[in-house]
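As a plain string of letters, each chain reads:
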Amino acid sequence: MSKQLSEEARKARNEYYREWRKKNPEKVKQAQENYWKKKAKEMQKQKEMQEQAEAEAESGE
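Presented here is a report on the structure given in the accompanying data block.

### Some points on a negative patch on the surface
Side chains of Glu 48, Glu 51, Glu 54 and Glu 58 sit close together on the surface and give a patch of like negative charge. The topology assignment puts Glu 48 in helix α2 (residues 25–60).

As C-alpha cells, then:
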C-alpha cells in the first residue's frame, strides 16, 4: 500500500510542478541560468585544480 501511496504522491507533485512551470516561465529560466552559471564556475575551478596538480606532478619528476 505504501508503494501505491508514494506513486500517487509523486504524480500529484509532478502535476503541481508542471502547472507551476507553465505559470512561472521567467522563474524557470532564471533558475536554469543560475544553475548553469554555478556549474560553469565549478567546472572551471575543477579544471584549474587539475592543471595545477599536473603542473606540480611535472615539476616533481
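### Regarding the environment of Ser 6
Summarising the element assignment, Ser 6 is placed in helix α1 (residues 2–23). C-alpha separation for the pair Ser 6 and Lys 41, spaced 35 residues apart in sequence, amounts to 36 Å.

### Section: the environment of Gln 4
Mapped onto the elements, Gln 4 comes out in helix α1. For Gln 4, a relative accessible area of 47% corresponds to the partly exposed category. Expressed as a C-alpha distance, the spacing of Gln 4 and Tyr 16, which sit twelve residues apart in the sequence, is 18 Å.

### Here's the deal with the pattern of salt bridges
Across all of its chains, the model carries five salt bridges by this definition. The salt bridge partner of Glu 19 is Lys 22, with a shortest N-O separation of 3.9 Å. Of the two residues, Glu 19 and Lys 22 both sit in helix α1, three residues apart, roughly one turn of that helix. Linking Glu 33 and Lys 37 is a salt bridge whose minimum nitrogen-to-oxygen distance equals 3.2 Å. One end of the pair is Glu 33 and the other is Lys 37, both in helix α2 and four residues apart, which spans about a single turn. With a relative accessible area of 49%, Lys 37 lands in the partly exposed category.

Rules and cut-offs
- Residues numbered from 1 in each chain as written.
- Predicted model: local features only at pLDDT ≥ 70, side-chain atom pairs only at ≥ 80, totals over all residues.
- Heavy atoms only, no water.
- Patch = residues over 30% accessible without salt bridge, like charges linked within 9 Å, V, L, I, M, F, W, Y side chains within 5 Å.
- Areas by Shrake-Rupley, 256 points an atom, 1.4 Å probe, with all protein chains shown as cover.
- Salt bridge = Lys/Arg side-chain N within 4 Å of Asp/Glu carboxyl O.
- Lys, Arg positive; Asp, Glu negative; His and termini not counted.
- Charge placed at Lys NZ, Arg CZ, Asp CG, Glu CD.
- Helix = DSSP H or I, 4+ residues; strand = E, 2+ residues; numbered from the N terminus.
- Buried < 20%, exposed > 50% of the residue type's maximum accessible area, 1.4 Å probe, protein only.

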